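Okay, here's what each chain looks like letter by letter:
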Amino acid sequence: MKKYFLNYLDELESEAVFVLREVYAQFQNPVILFSGGKDSIVLAHLAKKAFYPSKIPFPLMHIDTGHNFPETIQFRDDLVKNLGAQLIVGSVQEAIDNNRVVEEKGKNATRNELQITTLLDAIESNKIDCAIGGGRRDEEKARAKERFFSHRDDFGQWTPKNQRPELWNLYNGKMHHGEHFRAFPISNWTEMDVWNYIKRENIEIPSLYYAHEREVVLRNGSWIPVSEYLIMQEGEETKIKKIRFRTLGDITITGGIESDANTLEKIVGEVSAMRETERGNRADDKRSETSMEDRKKQGYF
């Protein structure tokens with residue numbers, strides 16, 4: 001009899017599929033938080049596998065800052081169509097227009113923190129009881145404190161010291177009225193695991209992840225793409241550089257790296273040699289030592 005040995009990607013996939021099925025079993029109205037980045041794309045792929053041949057039983061929810069890469073929005077719309085899934089969009093611009101949030105001003109302004117209120121409003125208005133995210137524990141020290149099932153109180157806030165034990169893969173989704181959960185099926189994955197899985201599964205990703213020429217400006221050690229939303233600072237000058245992005249977010253805060261990696265094989269090789277976290281080029285994470293944890297406590301992803 002031929003023996004079949006699981007490799008580490010099979011084990012990670014199996015764990016993520018198990019978590020997704022647990023979410024489906026324990027919650028009434030979950031959604032997949034979808035940013036258009038590689039982690040949420042992998043999450044959608046895993047959900048497709050978890051419930052095949054049926055369609056994904058969860059809508060995809062995107063919190064739209066209004067300052068997205070055009071390539072990301074196009075990719076999002078194409079993927080939703082191909083999956084036959086429902087798309088829920090929470091708009092930061094609408095939140096600004098309705099005076100739910102106040103837009104930052106100045107040369108370093110970002111809409112990233114404004115996503116918190118927009119996300120919590122979307123969760124409440126759509127009666128979401130579990131938001132499934134693509135967060136991984138290796139991304140940032142605050143992410144490392146998460147469980148697979150992460151409880152949020154009735155204000156949508158996260159308390160890192162109030163995490164529930166998860167022994168023997170038993171997940172406790174019990175909650176009171178008004179509370180909800182976040183679930184993180186790929187918590188145990190690393191950036192390298194994600195890229196190796198994308199390569200193995202031949203998963204389509206936005207062109208932004210591949211090296212390409214772009215007009216950029218150097219700011220705080222990162223190449224920030226020039227866009228209609230970028231406020232140029234005194235002494236800055238634009239350049240044409242061959243770059244790619246390791247993570248995708250608001251176009252005003254997402255920095256690229258110089259690279260020639262224009263294939264998945266080259267990206268895998270490049271990532272394997274890197275020593276800096278992928279979020280090292282995110283301006284929002286450079287504001288303070290605890291910027292990510294502070295946002296998460298308020299209700300961020």
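Residues numbered from 1 in each chain as written. Predicted model: local features only at pLDDT ≥ 70, side-chain atom pairs only at ≥ 80, totals over all residues. Heavy atoms only, no water.

## Re the packing of helix α1 (residues 8–26) against helix α2 (residues 38–51)
Helix-helix packing: each pair is described by the crossing angle between the helix axes and the interaxial distance. Between α1 and α2, the shortest axis-to-axis distance is 9 Å and the interhelical angle comes to 75 degrees. What the angle tells us is that α1 and α2 run roughly perpendicular. Mapping the contact onto sequence places Glu 13, Ala 16, Val 17, Leu 20, Arg 21 and Tyr 24 in α1 and Leu 43, Leu 46, Ala 47, Lys 49, Ala 50 and Phe 51 in α2. Along the lines of polarity and charge, the residues of the contact of α1 with α2 split into nine nonpolar, no polar and three charged. (Axes fitted to C-alpha atoms, helices over the stretch in contact; angles between N-to-C directions. Helix = DSSP H or I, 4+ residues; strand = E, 2+ residues; numbered from the N terminus. Parallel < 35°, antiparallel > 145°, perpendicular 65-115°, else oblique. Contact = heavy atoms within 4.5 Å. Nonpolar A, V, L, I, M, F, W, Y, C, P; charged D, E, K, R; others polar.)

## Remarks on the sheet that holds strand β10 (residues 257–258)
The antiparallel open sheet is built from four strands, whose spatial order is β8-β7-β9-β10. Every interior strand has two partners, whereas the edge strands, β8 (222–225) and β10, have only one. Note that strand β9 (residues 239–244) and β10 share two bridges and pair antiparallel. Considered in β10, the bridge of Ile 243 is made with Glu 258. (Pairing = 2+ DSSP bridges.)

## Examining the sheet that holds strand β1 (residues 30–33)
Ordered by their spatial adjacency, six strands build an open sheet running β3-β2-β1-β4-β6-β5, and the pairing between neighbours is mixed. Because the sheet does not close on itself, it has two edges, and the strands there are β3 (87–91) and β5 (149–152). Put simply, the sheet's adjacent strands are angled 30 degrees from each other on average, direction ignored. Alignment of strand β2 (residues 60–64) against β3, held across five bridges, turns out to be parallel. Considered in β3, the bridge of Met 61 is made with Ile 88. Packing of α1 onto the sheet brings it into contact with β1, β4 (130–132), β5 and β6 (180–183), and relative to β5 it is tilted by some 40 degrees. Contacts from helix α3 (residues 70–83) reach β2 and β3 within the one sheet, and its direction differs from that of β3 by about 155 degrees.

## With respect to the pairing of β1
Side chains of β1 alternate between two faces, with Pro 30 and Ile 32 and Val 31 and Leu 33 buried alike. Here β1 pairs with β4 via three bridges, running parallel. By the bridge assignment for β4, Pro 30 is matched with Cys 130. The pairing of β1 with β2 spans two bridges and is classified as parallel. Note on β2: the bridge partner recorded for Leu 33 is Met 61. Handedness of the β-α-β unit built from β1, α2 and β2 comes out right-handed. (Buried < 20%, exposed > 50% of the residue type's maximum accessible area, 1.4 Å probe, protein only. Right-handed = clockwise from strand over helix to strand, strands pointing away.)

## Here we look at the nonpolar core
By size, the foremost hydrophobic cluster in this structure holds 55 residues, and its most contacted members are Ile 132, Phe 149, Trp 189 and Trp 195. Residue assignment for this core shows that the elements contributing at least two residues are α1, α2, α3, β4, β6, α6 (191–201) and α7 (264–272). Sort the elements by how many residues they give to this core and α2 lands first, with eight residues. If we ignore the near neighbours within four places in the chain, the residues touching Phe 149 are Val 19, Glu 22, Val 23, Gln 26, Phe 27, Glu 166, Tyr 171, Asn 172, Gly 173, Phe 181, Arg 182 and Ala 183. (Core = buried A, V, L, I, M, F, W, Y, C linked by side-chain atoms within 4.5 Å.)

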